[in-house]
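# Structural overview for review
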Amino acid sequence: MAPKVSVPLLVALFITMAIVNWAHSEKFDELFRPSWALDHVVRDGDVLKLKLDHYSGSGFESKSKYMFGKVTAQIKLVEGDSAGTVTAFYMSSDGPSHNEFDFEFLGNTTGEPYLVQTNVYVNGVGNREQRLDLWFDPTKDFHSYSILWNQRQVVFMVDDTPIRVHTNLEHKGIPFPKDQAMGVYSSIWNADDWATQGGRVKTDWSHAPFVATYGDFEINACECPVSTAFDDNMKRCSSGAEKRYWWDEPTISELNVHQSHQLIWVRANHMVYDYCADTARFPATPAECEHHRH
């Protein structure tokens, strides 16, 4: 005999589910807005979906810009044959001399692992790619992808495990991105000229639409008015005598011992490409690579 469930309990469960759905939807509406191909940005219960088909990709952007803090998205990547597609989650400022922190998830044929590419742009210059595979299947469930940014470092994290650290080396004469407020963005698009096996494997449109699914979002950062000058934003978002921000605490200025061990493990077991080791692209070692492993 099937167990009996009381009507009040069913009502309570329904209300709880409705509240969760509403909270996720409200959080997206509070923080973000669709930025292109609005008909490909789809609400489905308590999740948001970005779709890519042979007509268009899609994307969304934050309503505000931020300086220092942490941004996180829970993402379930495109299932099945995702070759040629790229799903991106990133922060970026505006203009030709912009700063940018990228997560790019490079699709692959069924059964082959996703590759996660990270990149850092400083004053409009990128070419700092690292690629790694993951220790789980990112298409089967939601996982958290985070960018932590302060005046000492930029940390890319997967489920709070650091996978990359870009350290401030201004004392070595190397620019660090700390003076431009950034928006938060995500998108999916076709990049079969380079994304999968160097462009050798093309997008199979018979599998469209390709769908990236988002479960939750969090932005714990210093919000910057659009009209405020760079220097004023930096002062506003930096700790001083009258205020202290969590991202300026000494415990956040560098990885702790456990996080350092996690990063070493990721690099040893999952790193498949590091621009610092690519002597064909960079006969002269990039300056930041000479001073730290990141």
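Notes on the structure follow. (Residues numbered from 1 in each chain as written. Predicted model: local features only at pLDDT ≥ 70, side-chain atom pairs only at ≥ 80, totals over all residues. Heavy atoms only, no water.)

## Observations regarding the layout of surface pockets
Put simply, the test is: Site definitions follow a grid-based scheme: protein atoms alone, a 1 Å grid, a 1.4 Å probe that fits but cannot get out for cavities, and for pockets an open set with protein on both sides within 12 Å along at least five of seven lines, plus lining residues having an atom within 4 Å of a point. Grid points are joined across faces, edges and corners, and a volume is the space filled by probe spheres set on the points.
Counted as a void, the largest pocket has a volume near 240 Å³. In this structure, the largest pocket is lined by 17 residues; those nearest its centre are Glu112, Pro113, Tyr114, Asp137 and Thr139.

## Details of the environment of Tyr273
To keep things clear, this is the line we draw: Only DSSP runs of H or I covering at least 4 residues are called helices, and only runs of E covering at least 2 are called strands; the numbering of each starts at the N terminus. Contacts are assigned to residue pairs that have any heavy atoms within 4.5 Å of one another. By the criterion applied in these results, polar contacts are pairs of N or O atoms within 3.5 Å in which, for protein atoms, one can donate a hydrogen and the other can accept it, and in which residues neighboring in sequence qualify only through two side-chain atoms.
With respect to the secondary-structure elements, Tyr273 resides in strand E15 (residues 271-274). Taking the C-alpha atoms as reference, Tyr273 lies 14 Å from Phe105; in sequence the two are 168 residues apart. Discounting residues that sit within four places of it in the chain, Tyr273 has contacts with Glu129, Gln130, Arg131, Asp278 and Arg281. A distance of 2.6 Å separates the side chain of Tyr273 from the side chain of Asp278, its partner in a polar contact.

## Notes on the pattern of salt bridges
Keep this limit in mind: A side-chain nitrogen of Lys or Arg and a carboxyl oxygen of Asp or Glu constitute a salt bridge if their distance falls within 4 Å. Each residue gets one of three labels from its accessible area relative to the maximum for its type: buried under 20%, exposed over 50%, partly exposed in between, using a 1.4 Å probe on protein chains only.
Considering all chains together, one arrives at twelve salt bridges under this definition. With a closest N to O distance of 2.9 Å, Glu288 and Arg128 form a salt bridge. Here the residue Glu288 occupies a position in the segment after E15, and Arg128 occupies one in the loop between strand E8 (115-121) and strand E9 (130-133), the gap between them amounting to 160 residues. Given the relative accessible area of 6%, Glu288 is considered buried. The salt bridge partner of Glu170 is Lys178, with a shortest N-O separation of 2.9 Å.

## Some details on the pairing of strand E6 (residues 85-92)
Just so we agree on the cut-off: Here, strands pair whenever DSSP counts at least two bridges between them.
Among the eight residues in E6, seven count as buried, and that is most of the element. As defined by bridge partners, E6 adjoins strand E13 (residues 183-190) across eight bridges and the pair is classed as antiparallel. Each bridged residue has a counterpart across the sheet, and for Tyr90 the counterpart in E13 is Tyr185. Here seven bridges tie E6 to strand E7 (residues 100-106), and the two strands are oriented antiparallel to one another. The residue bridging Phe89 from the neighbouring strand is Phe103, located in E7.

## With respect to the sheet that holds strand E12 (residues 161-167)
Under the convention used in this document: For helices, the fitted line uses only the C-alpha atoms of the stretch in contact; every axis is such a line through C-alpha atoms, and the angle between N-to-C directions lies from 0 to 180 degrees.
One open sheet accounts for seven strands, arranged E2-E3-E14-E5-E10-E11-E12; its pairing is antiparallel. Edge positions in the open sheet fall to strand E2 (41-44) and E12, since each of these has one partner strand only. Strand after strand, the sheet turns through a mean of 25° between neighbouring axes, direction not considered.

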